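# Reading the structure
The chain contents come next:
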Amino acid sequence: MQSFNPPKRTLMGPGPSDVSTRVLEAMARPTIGHLDPAFQTLMDEIKELLRYAFKTENKLTFPVSAPGSAGMETCFANLVEHGDKVIVCVNGVFGTRMVENVTRCGGEAVVINDDWGTPVSLDKVDAALKANPDTKIVAFVAAETSTGVASDTKALCKLAHEYDCITIVDAVTSLGGSELDVDGWNIDAIYSGSQKCLSCPPGLSPVSFNERAIEKIKNRDKPVQSWFMDLNLVMGYWDGTGGRSYHHTAPVNAMYALHESLLILKEEGLENSWKRHTDMSAKLRQGFADMGIKYLVDEKYALPQLNTIIIPDHITDEAAIRTKLLNDHNLEIGAGLGALSGKVWRVGLMGHSACQANIDKCLTAFKAVMN
Ligand SMILES: *Cc1c(COP(=O)(O)O)cnc(C)c1O
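Below, the structure is looked at part by part. Predicted model only: the values in this text are computed from it and were never measured.

Attention now moves to the overall build of the chain. For the chain, the count of helices and strands is 12 helices and 14 strands. Taking 2.2 N^0.38 as the reference for a compact globule, 371 residues should give roughly 21 Å; the C-alpha atoms of the chain span a radius of gyration of 21 Å, in line with that estimate. With respect to the three principal axes, the spread of C-alpha positions in the chain is 60 × 55 × 40 Å. Considering only contacts in the chain between residues 6 or more positions apart, those separated by 24 or more positions represent 72%. Just so you have it, the chain exposes about 15,900 Å², and 52% of that area is on carbon and sulfur atoms. The averaged location of the 45 negative side-chain charges in the chain is 3 Å from the averaged location of its 36 positive side-chain charges.

Below, the discussion takes up the environment of Val80. Residue placement: Val80 occurs in the loop between helix H3 (68-79) and strand S3 (85-90). By relative accessible area, Val80 is classed as buried at 1%. Residues Val80 and Thr96, spaced 16 residues apart in sequence, show a C-alpha to C-alpha distance of 16 Å. Leaving out residues up to four positions away in the same chain, Val80 has contacts with Cys75, Val86, Val102, Cys105, Gly107, Ile137 and Arg220.

Inspection of the secondary structure assignment puts Glu108 in strand S4 (residues 108-113). Residue classification places Glu108 among the partly exposed residues on the basis of a relative accessible area of 43%. When the C-alpha positions of Glu108 and Gly83 are compared, they lie 6.0 Å apart, and in sequence the two are 25 residues distant. Setting aside residues no more than four positions away along its own chain, Glu108 makes contact with Asp84, Lys85, Val86 and Val102.

Moving on, we get to the pattern of salt bridges. In this structure the tally under the stated criterion is 20 salt bridges. A salt bridge links Asp44 to Arg244; the shortest N-O distance between them is 2.6 Å. You can see Asp44 sitting in helix H2 (residues 37-54) and its partner Arg244 sitting in the loop between helix H8 (231-238) and helix H9 (252-268), a full 200 residues away along the chain. A salt bridge links Asp188 to Arg212; the nearest nitrogen and oxygen atoms lie 3.0 Å apart. Taken together, the residues span a long stretch of sequence, with Asp188 in the loop between strand S8 (166-170) and strand S9 (189-191) and Arg212 in helix H7 (residues 211-218) at a distance of 24 residues. Among the residues examined, Arg212 registers a relative accessible area of 30% and is labelled partly exposed. In this structure, a network of salt bridges that share partners links the residues Glu81, Asp84, Lys136 and Lys216.

Let us now look at unusual backbone geometry. The omega torsion across Gly15 and Pro16 is 0°, close enough to zero to call that bond cis. When you line up the elements, Pro16 lands in the loop between strand S1 (10-11) and helix H1 (21-27). A positive phi angle, close to 55°, is found at Lys55, a residue other than glycine. Lys55 gets classed as partly exposed once you look at its relative accessible area, which sits at 30%. Residues other than glycine seldom take positive phi values, yet Ser199 does so here, at roughly 55°.

In the region of the ligand, the neighbouring residues are Pro67, Gly68, Ser69, Phe94, Val141, Ala143, Thr145, Asp170, Val172, Thr173, Gln195 and Lys196. Contact distances for the ligand include 2.5 Å between an oxygen atom and a side-chain N or O atom of Ser69. The separation between an oxygen atom of the ligand and a polar side-chain atom of Lys196 is 2.7 Å. Protein contact buries 89% of the 380 Å² of open area that the ligand shows by itself. Residue composition of the shell around the ligand, by class: 5 nonpolar, 5 polar and 2 charged.

To continue, consider the packing of aromatic side chains. Under the definition given, this model contains 5 aromatic pairs. Relative to Trp238, the ring of Phe62 lies with its centre 5.8 Å away and its plane at 35°, an arrangement referred to as tilted. Within this pair, whereas Phe62 is found in strand S2 (residues 60-64), its partner Trp238 is found in helix H8, the two being separated by 176 residues in sequence. Trp238 carries the same exposure label as Phe62, and that label is buried. Centre to centre, the rings of Phe288 and Phe366 are 5.2 Å apart; their planes meet at 85°, and the pair counts as edge-to-face. With a gap of 78 residues between them, Phe288 in helix H10 (residues 270-290) and Phe366 in helix H12 (residues 356-370) connect regions that are remote in the sequence.

Procedures and definitions
- Residues numbered from 1 in each chain as written.
- Predicted model: local features only at pLDDT ≥ 70, side-chain atom pairs only at ≥ 80, totals over all residues.
- Heavy atoms only, no water.
- Helix = DSSP H or I, 4+ residues; strand = E, 2+ residues; numbered from the N terminus.
- Rg over C-alpha atoms; globule rule 2.2 N^0.38 Å.
- Contact = heavy atoms within 4.5 Å.
- Areas by Shrake-Rupley, 256 points an atom, 1.4 Å probe, with all protein chains shown as cover.
- Lys, Arg positive; Asp, Glu negative; His and termini not counted.
- Charge placed at Lys NZ, Arg CZ, Asp CG, Glu CD.
- Buried < 20%, exposed > 50% of the residue type's maximum accessible area, 1.4 Å probe, protein only.
- Salt bridge = Lys/Arg side-chain N within 4 Å of Asp/Glu carboxyl O.
- Near = heavy atom within 4 Å.
- Polar contact = N/O pair within 3.5 Å; in protein donor to acceptor, adjacent residues only side chain to side chain.
- Nonpolar A, V, L, I, M, F, W, Y, C, P; charged D, E, K, R; others polar.
- Phe/Tyr/Trp six-rings, centres within 6.5 Å; stacked < 30°, edge-to-face > 60°.

By themselves, these figures tell us nothing about what the structure is for.
Structural data, given as C-alpha cells:
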C-alpha cells in the first residue's frame, strides 16, 4: 500500500465543489491545539466572516464540526421539543430528511408536498398554518439541491412570522452562491455546508440562530437529547465570553480551510459571488440549449449553482455516460436523486467551480460522450 493520491477531477456535481490550492494550502499548515489562544483568534474571525456571508449580526453563528446534515440536526434537535407541531415543506430529497428529523425529535410533522422541480407553494403553507394554529415551527429548503429549485425564502419567513412561528431554513447550497439575507429576511435558524458554494472541503456546517430561536432553546422543558449538538454546551466552546472550555476537539485544520474560503468570498464580495454564479449559469444554460438539452426547472425558479438537465430520450444508460465523463474527462456531475433518479443529471456550478473554464470543459465533454 502507498500514500493515497487522488485523481485530478473537475467537480461539477452537487458538492463537493472544486477547492482552490489557496484553501488546500491553508489546510496543510501545522496543527495547533483547539484551545490555543491563536486558534481562538481564528475562531473569532471565522464567526465574523460567517456573519458576513450569512448577512447577519447573530451572535450565535459558528460552524458545527460535522457536515451539512449535522447542521440540519443541530437546528431540529435544539428547536423541536416533544409534541411540537412543525410544518415541513417537501419539494425534494432534503425536505424529506427534515420530516425525519422532526419525527425523531418527538415533534409532529405537518408535511406540505410540492412537485419535485417546483418551489414551495406559499398558498399551501398559508392554508396549513390556518388549519394548524398551534404550529410552532416552519421548516423548508431554500435551495433544493436534489432538483435545482430556489424557493422564496423571504416570503416564506414573512408568512411564518405572521403566524408567530419560528423558521428553520436549509441553506446548504445557497450560502455564497445565491441571494441570502438572514437578518433582512428574518430567518430564525439556518444551516449550511462548507463544500458547496464556499468551495471548502466537506465536513463543516455553518449555522446561525437569532434571539427568537435562542429564546425557544433556553425555555425548553427538557434538555436537548443530543449531547454533542446541544447549543447550550457547544457555546461554552464557541462563545468567547467567560473563557472557552473544552467541549469537543474542533477539526483544527478544517477550520483553517473554512477561514481561507470565507476570506476568498469576502475578497470577491458576496454580491459579486452571487452575480458570478448567475452569469456562469446563463452561459451553461445557453451551451446546453445549443445542444438541444432541456432543463427540469422553469428558469424563474432555477438555481444558478445547481443546474438540473433532463437526460435526453436516446440515452439508455445514463450511468455509463457519467462514468465516461469521469474516466475520459475527469469530470464529475451528479445523478438524479430519489424520484428523479435516472431522469436527470445535476450539473453544479458551485463556488470555485462556477467559472468559464469549467463550463467550456463541461460542454466539450458532454458533446464528446453523447456522440
Ligand atoms: C448537501 C446538502 C445537505 C447535506 O449536507 P452534507 O454536507 O452532505 O451532510 C443538506 N441540504 C442540502 C440542500 C444539501 O444540498
